[in-house]
Amino acid sequence: METNQECSFDRPVKEKERHVKANARDYNDKFHYADNRIKTSKYNVFTFLPVNLFEQFQRVANAYFLVLLILQLIPEISSLSWFTTIVPLVLVLVITAVKDATDDYFRYRSDQRVNNRQSQILIKGRLQNEKWMNVRVGDIIKLSNNQFVAADILLLCSSEPYGLCYIETAELDGETNLKVRHALTVTSEMGDISKLIDFDGEVICEPPNNKLDKFTGTLLWSDNKYPLDNEKMLLRGCVLRNTEWCFGLVIFAGWQTKLMQNCGKTIFKRTSIDKLMNTLVLWIFAFLICMGVILAVGNTMWESWIGRNFQVFLPRGEIQSSAVFSGFLAFWSYVIILNTVVPISLYVSVEVLRLGHSYFINWDQKMYCAQTDTAAEARTTTLNEELGQVEFVFSDKTGTLTQNIMVFRKCSINGHTYGDLYNEFDQKVEITEKSACVDFSFNPLSDQRFQFYDGSLLEAVKLEDAAVHEFFRLLALCHTVMSEEKSEGDLVYQAQSPDEGALVTAARNFGFVFRARTPESITLCEMGRAVTYRLLAILDFNNVRKRMSVIVRNPEGQIKLYCKGADSIIFERLDPSSEDLMHTTLEHLNEFAGEGLRTLALTCKDLDEDHFDVWMKKLLFASTLIENRDDQLAELYEEIEQGMKLLGATAIEDKLQEGVPETIACLNLADIKIWVLTGDKLETAVNIGYSCNMLRDDMNEVFIISGNTLLEVQQQLRNANEQILGLSGVCGAEDSDKTEMSADDSVFEESIIAEYALVINGDSLAYALDPQLEHVLLDLACLCKTVICCRVTPLQKAQVVELVKKHKRAVTVAIGDGANDVSMIKTAHIGVGISGQEGMQAVLASDFSFAQFRYLQRLLLVHGRWSYLRMCNFLRYFFYKNFAFTLVHFWYGFFCGFSAQTVYDQWFITLFNIVYTSLPVLAMGLFDQDVNDQNSLRYPSLYKPGQQNLLFNKSQFFLCTLQGLGTSFLLFFIPYGALSVMVREDGSHFSDQQTFAVTVATSLVIVVSVQIGLDAHYWTAVNHLFIWGSLIVYFAILFAMQSNGMFGIFPSQFPFVGTARNCLAEQSVWLVILLTSVVCVVPGLVVSFLKVDHFPTLTDKVRRLQQYRKKEGPQKKNLKRVSRTSSRRSAYAFSHQQGYGELITSGKNMKVGSVFSARSPGRTPNRFVWIENLLKKKNEVSCISDENIETQTAQQQCTG
Amino acid sequence: MMATSYNAKDEDGHITVSGPGGGTLRSRKPENTAFKQQRLPAWQPILTAGTVLPAFFIIGLIFIPIGIGLYVTSNNIREFEVDYTGVDMSSPCFNCSQNYSWNSSRPCTCTIPFYLEQPYEGNVYMYYGLSNFYQNHRRYVKSRDDSQLHGDMDSLLTPSKECEPYAFHDKKPIAPCGAIANSMFNDTLELFYNDPNGTKVLVPLANTGIAWFTDKYVKFKNPGGDGANLTAVFQGTSKPVNWLKPVYELDKNSSNNGFINEDFIVWMRTAALPTFRKLYRTIKDAKVIPTLPSGNYTLEVVYNYPVRSFEGRKRMILSTISWMGGKNPFLGIAYVTVGSVCFFLGVVLLVIHHKCGNRNNSADISN
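Parameters at a glance
Residues numbered from 1 in each chain as written. Chains lettered and ligands numbered in written order. Predicted model: local features only at pLDDT ≥ 70, side-chain atom pairs only at ≥ 80, totals over all residues. Heavy atoms only, no water. Disulfide = S-S within 2.5 Å. Helix = DSSP H or I, 4+ residues; strand = E, 2+ residues; numbered from the N terminus. Buried < 20%, exposed > 50% of the residue type's maximum accessible area, 1.4 Å probe, protein only. Axes fitted to C-alpha atoms, helices over the stretch in contact; angles between N-to-C directions. Left-handed = near helix turned anticlockwise from the far one by under 90°. Contact = heavy atoms within 4.5 Å. Pairing = 2+ DSSP bridges. Salt bridge = Lys/Arg side-chain N within 4 Å of Asp/Glu carboxyl O. Parallel < 35°, antiparallel > 145°, perpendicular 65-115°, else oblique. Nonpolar A, V, L, I, M, F, W, Y, C, P; charged D, E, K, R; others polar. Expected span 1.5 Å × (residues − 1). Polar contact = N/O pair within 3.5 Å; in protein donor to acceptor, adjacent residues only side chain to side chain. pLDDT = per-residue confidence, 0-100. Buried area = accessible area lost by both parts, 1.4 Å probe. Phe/Tyr/Trp six-rings, centres within 6.5 Å; stacked < 30°, edge-to-face > 60°. Lys NZ or Arg CZ within 6 Å of the ring centre and 35° of its normal.

(A) Representation of the state of the cysteines in the model. Following the criterion strictly, the structure yields three disulfides over all chains and no others. Through a disulfide, B:Cys93 is tied to B:Cys110; the S-S separation comes to 2.0 Å. What sets the handedness of the B:Cys93 and B:Cys110 disulfide is the S-S torsion sign, and at about 80° it is right-handed. Here B:Cys110 lies in strand E3 (residues 108-116) and B:Cys93 lies in the loop between strand E2 (79-83) and helix H3 (94-98), a separation of 17 residues in the sequence. Judged by relative accessible area, B:Cys93 falls into the buried class, the value being 0%. There is a disulfide in this structure between B:Cys163 and B:Cys177, and the S-S distance comes to 2.0 Å. Of this pair, B:Cys163 sits in the loop between helix H6 (153-157) and strand E5 (168-169) while B:Cys177 sits in the loop between strand E6 (172-173) and helix H7 (179-182); the two residues are 14 residues apart in sequence, bridging distant segments of the chain. For chain B, the bonded cysteines pair up as 1-4, 2-3, 5-6 when numbered in the order they occur along the sequence. Unpaired in terms of disulfides, A:Cys563 finds its nearest cysteine sulfur in A:Cys478, a separation of 6.4 Å. A relative accessible area of 0% places A:Cys563 in the buried class. Free cysteine: A:Cys782, not disulfide-bonded; nearest cysteine sulfur from A:Cys784 at 9.0 Å.

Structure representation (structure tokens):
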């Protein structure tokens, strides 16, 4: 921040263009760019006290108490001693300050850690190790493999050929696949330091901004201009992967980097109860002022009618000489006295409760995931009760609903299925953790993590079943996976899509090990024999083809085409001879799909030499075309992928997280709507929708919105809307009364019985989020049981959440695991991160984190519900208590000449809120549970009162303050009636102020203790301790404060000496206290009994049931299991990008060592074509055949 | 924020695999204690007809007898009250009340005859009662210095500011200072029994034992300690403006003089309400039985205390005492009322409960 201010002195406030010159610190210093030091902490040792205090007093409540304190110092007004306010205020300030200081210290520490990371900078011709914070704009820094990028840098050169480097951007956008960055050709040649030192290029580029995927600039170097774009930038937060080293020029540093620009300010989230509380506090202020005015008017009247005459005994000072002015003073005095209706301890207590609830979340064993050793964590401690009011859950798919692990589960080979387990009676048994895995130990190259349960497949392989062998050969050959063999036998696959990885791994374990590839060949280790296939062509995948093929020449010299793809596409291109097999396989595919597996059909074809040669020539010609190249290629591919023989099909499980369908079903029962927002493709998303039971076959309609124009989308939305409304017989709600419709849409929505689902893709969503359409979208979405948005960008995720937040006034939860979910997590009322996985970005932006989606159920239905219940009970009781406590002074005002005389002892006022009554209510707020956790989960409807805001709202507030008012009335007038003529047993008079004070105070303490006993549902030992303890402490302090000793030391501070002893020794006083307590408690008791008895809520019923069951003894659990009955064919969706086939055949992504390649200058012009293609540059020529390098890879002997 | 974030990733990123395998790390599994898992054994009371209705009946059954007992006791207490303010022309004290006589040297005396219909037995207590007297006004209440009254020498000479405007008089500190002390009740009441044989017998009134023990022996102390020469101690102080005599001449008995004078102590214990009574004298251990036989009595009042200006009233009350203190019909009536209401409520709730109450346990729980 400071740097920013510095800038503004000698530079225009906004940077218009950035000039960075390499290796020229002096030049760059002129511009005062931000350095690479970051600072997120707020205070330092010296500024902490003043700044923190200043901040604290900016809070209305604290400022209010400060004003009160000042008022109390004016003797004419001071109706209370100074300590009655200062003790609680100091307590509150100290607690808050300690918390702030701890938080800030942790921020400081983490800043330090980041700032002190080491980085290599090229200074004065040498590489020097420097801390990150010393990196400056214009420096050239060196990065090594697996290092974090220190700032936003322009890639100059790298260890890889062509100035390539790979980065992982999980921190930025959540995508875990590697991305390629490449340097400019001119700079990529500067492989060593001596050249870099002389580099004096100047970059002119855009000013710092937060667009992660855009960068525009130019490099000026030796009188040439080179355009720069995002593909040449490495952004702070990325990690360098698979690249030994690279050099880069720092363009943006510190808080000006795109990462930091993106983080923005953390929005301070407040719960709806918080907002309500603030409103109520304002109401109470208003109420307080009213009371003050009433009493001030009373004071004026009293002074002018009675006080004037009473001057014989009570002369007025100069100040009170005017009755009106006296009234004015009385107003302030009463403001001081009645200040306890706005209890200073309220905010602190609420914070303490939330902190406690957060700890309970952290401690919950049932939200602990043993696999990843992560417990749930409440990262924000201020949102707990909001968890009990959630209506919408926005969930990411990958990593949240699914594990993003693909598992080879089943296959169908030549009409035979493998993968199911049967017991001795030939019945299918479920595969559990205990089922025995197939032993792959015969294969030294097998992957230990691979698990397969059906031994018959391995037997088939061992029996050398030709079809089975061909099947696995295909899996081992037809893919774009890269292998890396770090040491002998230690194979690591790098797959673009997890699907492919799973398939190749399966082949590997069944003895068809994909070992290495060159642009020209693929080496397998087939059942222990090394076999090298010549790779003739890769017919790459794209979205239209939905298949990929490879053409290889096997060692026997045969040319073969292997193809895998979506069944619907493949089946159209089969040889007629495969028809019977196709039908069997189709059945199997249906079966697989019914289990929610992702399927692929596999085929192969023998090609004869001549035919292939002709085709190959055509292909080469087509690939040199400039116009219509893609179409021509597609046509050629189509031509050769005909008449194939079906081999079988694979079924891959996109592993759902544990318990996802059950959780979703449970949350649905609790009226929580779940929307899936995913960046995945439509097919994948729908597939997961089915396997999570969010989409079902028995749904009336699944609307799929995918339009390319605003009008199209509008039309589709309207149609869907009309269809729903038409079918439900609710019509006429057209545009004319749209606003009215949305006003009572909750009622309206319930009238829709039929079930609908909405699937919308990202492009359409962009239109649908247009202000014109957003209402239509929202109406439609709310009419549907399930909403799935696919292909959405992180920003759109946030927009959808924002849309619901804005128009539905409902509490939203966003749950996700990746950095692409961060925006949505930050936007939603509550953000939940899935922890224990790779990227931590989502977790760090989140308010709550845990390892598995299914814990959401417990977080919301148990912890959220309890938190909400506790908070509401706490607030109701708190307001009740303070009204009962404070308003006694109001009634007393009428009997003491409106002079702002207190009823109670000053010490009692000081201690009432912070000592006598704080712990029992805290115990209730921490431990109360109306229904235990099992029942909370078993009856999800119990969650609904929270959503409807029933437990604490304005009318509830009104009722509890009314109860407080009533109690205060009785508390005053019953002792008044009894004591006014009371004398002691020894005849001495008894109607003195101090006796009255002790009697009322004791009654009050007893009444509020009894009341909390009635309000609490769950009396733990702690509750007992606190309630009884508070009573004991009250009496102990009462007697201590009124003891001879205290009086002897400070006679003027403890004038109540002996009152308690004299007063509480009397039976008649106890009779008064008993009477008062009973009369105060009975009305509330009657009301709550009538409510429970006649209008029992579900909670009451479950409670009764729970108690009944407890008496009966434990029963067996009968938790419903959600059965998956989907019979829908799941679509195959490749999740990898187009273009990798080309990448492989070009050999560009192979390490220099592994590819024997002579760098002939003639090849250079074509060298970058594939990159351009990969980066989706259109209409460029790619030539595969040009590079006819005879790659003679030594036939490697397989181990074992 | 973000910076902290991705720093933490750095830390965590490298130990992701440290779960079950990395045995060196302590498991982050939360402890399985009843407290942390929120499974603390607990009593979960439910308001059912079985618990609430009996409670009402029990309250009713307990309160009604107590109430009746209190009422009967209260009714058995003899109490006589006479207003001697002298508002009416016919009142014997009318004359005295007319001339303002706060500290006139010539006391105005009036005599009020009255008749006790029933004999008063046991200890009899005489109170003075004041009405419309705001002893509980904030400015009045705080106008005292407890340190001074506790015998603190410093406070004696420099009274607290709270005592203003009764802190100093003629530049001498006032002892006792403050408005409360200044306005001390200073009527003198004497009671005579008119024997049927015509003689007027003075009823012996004890002026000690009327203050609380703690007040007399803890809260109030003469400066200089017991047995000090009060005249000397209070040298250099001024008497309260309205007082006729200085504080060390309140009584001849040295244990009832100065700040520990019981009339003074009683006065200093300020009343909670504008209408109050304070104990004035006791008639204890009377040699005659009954203590006060029925018959004619005369109350002789030395009328000093002006209350007419603020429409106050002065009363003299004679009362006997029981285990529950003085006459107090309120408590008895309140107990009977509350008891009956609770009982009645119990009946009503029982009827409602049986007519249309919800007695089935769980049959209708649905989701």
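(B) The packing of helix H36 (residues 954-979) of chain A against helix H37 (residues 993-1015) of chain A, seen in detail. Residue and element names in this part refer to chain A. Viewed as axis vectors pointing N to C, H36 and H37 meet at an angle of 140°, and their least axial separation amounts to 10 Å. Remark: the crossing between H36 and H37 carries right-handed chirality. Taken together, the residues of H37 that come into contact with H36 (itself represented by Gln 963, Thr 967, Leu 971, Phe 972, Pro 975, Tyr 976 and Leu 979) are Phe 996, Thr 999, Val 1000, Ser 1003, Leu 1004, Val 1007 and Gln 1011.

(C) Examining the sheet that holds strand E10 (residues 224-228) of chain A more closely. Residues and elements named next belong to chain A. Ordered in space as E1-E8-E9-E10, the four strands form an open sheet in which the pairing is antiparallel. Each end of this open sheet is capped by a strand with a single partner; those strands are strand E1 (18-21) and E10. Between one strand axis and the next, the sheet turns through 20° on average, direction left out of account.

(D) Main features of the pattern of salt bridges. For the coordinates displayed, the defined rule picks out 51 salt bridges over all chains. Residues A:Glu500 and A:Lys564 are paired through a salt bridge, measuring 3.1 Å at the closest nitrogen-oxygen approach. One end of the pair, A:Glu500, is in helix H15 (residues 498-509); the other, A:Lys564, is in strand E26 (residues 559-565), and 64 residues separate them in sequence. You'll find A:Glu500 and A:Lys564 in the same group, each marked buried. Salt-bridge contacts for B:Arg269 lead to A:Asp992; the nearest nitrogen and oxygen are separated by 2.7 Å. Of this pair, B:Arg269 sits in the loop between helix H10 (262-268) and strand E9 (276-283) while A:Asp992 is found in the loop between H36 and H37, placing the two residues in two different chains.

(E) Highlighting the packing of helix H4 (residues 60-72) of chain A against helix H5 (residues 83-115) of chain A. Residue and element names in this part refer to chain A. Across the interface, H4 lies against H5 with an axial gap of 10 Å and an inter-helix angle of 150°. Classified by the interaxial angle, the pair formed by H4 and H5 is roughly antiparallel. With respect to the hand of their crossing, H4 and H5 are arranged in left-handed fashion. Along its contact with H4, which presents Asn 62, Phe 65, Leu 66, Leu 68, Leu 69 and Gln 72, the element H5 presents Thr 84, Thr 85, Ile 86, Leu 89, Val 92 and Leu 93. Per-class residue counts for the contact of H4 with H5 are eight nonpolar, four polar and no charged.

(F) Quick peek at H37(A). Residue and element names in this part refer to chain A. Helix length check: H37, at 23 residues, gives a terminal C-alpha distance of 32 Å against a target of 33 Å (1.5 Å per residue), a fit within 8%. Counting buried positions along H37 yields 20 of 23 residues, so the element is predominantly enclosed. Here H37 starts with a cap whose side-chain oxygen sits 3.2 Å from the backbone nitrogen of Gln 994, and that cap is Asp 992.

(G) Focus on the environment of A:Val792. Note on placement: A:Val792 falls in the loop between strand E32 (786-790) and helix H27 (794-808). Dropping the residues within four chain positions of it, A:Val792 is found in contact with A:Leu677, A:Thr678, A:Gly679, A:Gly762, A:Leu765 and A:Lys797.

(H) Molecular detail of the confidence of the model for chain A. Scored by pLDDT, chain A has a mean of 81; 87% of the residues are at 70 or more. Contacts of residues 1115-1135 of chain A to residues separated by more than four positions or lying in other chains number 58 contacts, the stretch itself having pLDDT below 50.

(I) Highlighting the interface of chain A and chain B. In this complex, chain A contributes 141 residues to the contact, which on the side of chain B involves 115 residues. Interface area lost by chain A to chain B is led by A:Phe313, A:His989 and A:Phe1089, which between them contribute 7%. Linking chain A with chain B are three salt bridges. Across the salt bridge formed by B:Arg139 and A:Glu303, the nearest N and O atoms sit 3.2 Å from each other. Summed over the shared surface of chain A and chain B, the result is 29 residue pairs in polar contact (both at pLDDT 80 or more).

(J) The sheet that holds strand E7 (residues 178-182) of chain A, seen in detail. All names here are of chain A. Spatial ordering of the open sheet is given by E7-E6-E12, a layout of three strands whose pairing is antiparallel. The sheet is open, and its two edges are formed by E7 and strand E12 (239-241), each paired on a single side. Adjacent strand axes in the sheet meet at a mean angle of 45°, parallel and antiparallel pairs treated alike.

(K) Here's a closer look at the pairing of E10(A). All names here are of chain A. Direction of pairing for strand E9 (residues 217-221) relative to E10: antiparallel, over a ladder of five bridges. By the bridge assignment for E10, Leu 219 is matched with Tyr 226. Count of turn residues in the E9/E10 antiparallel hairpin: two residues, of which Ser 222 carries a positive phi of about 35°.

(L) Highlighting the packing of aromatic side chains. All told, the structure shown has 101 aromatic pairs over all chains when counted by the stated rule. Judged by centre distance (5.4 Å) and plane angle (45°), the rings of A:Phe908 and A:Phe912 are tilted. Placement of both A:Phe908 and A:Phe912 in helix H32 (residues 906-916) is noted, with a separation of four residues, approximately one turn of the helix. On the basis of relative accessible area, A:Phe908 is assigned to the buried category, the value being 5%. A relative accessible area of 0% places A:Phe912 in the buried class. The side chain of B:Arg269 reaches across the aromatic face of B:Trp212, ending 3.9 Å from its centre.

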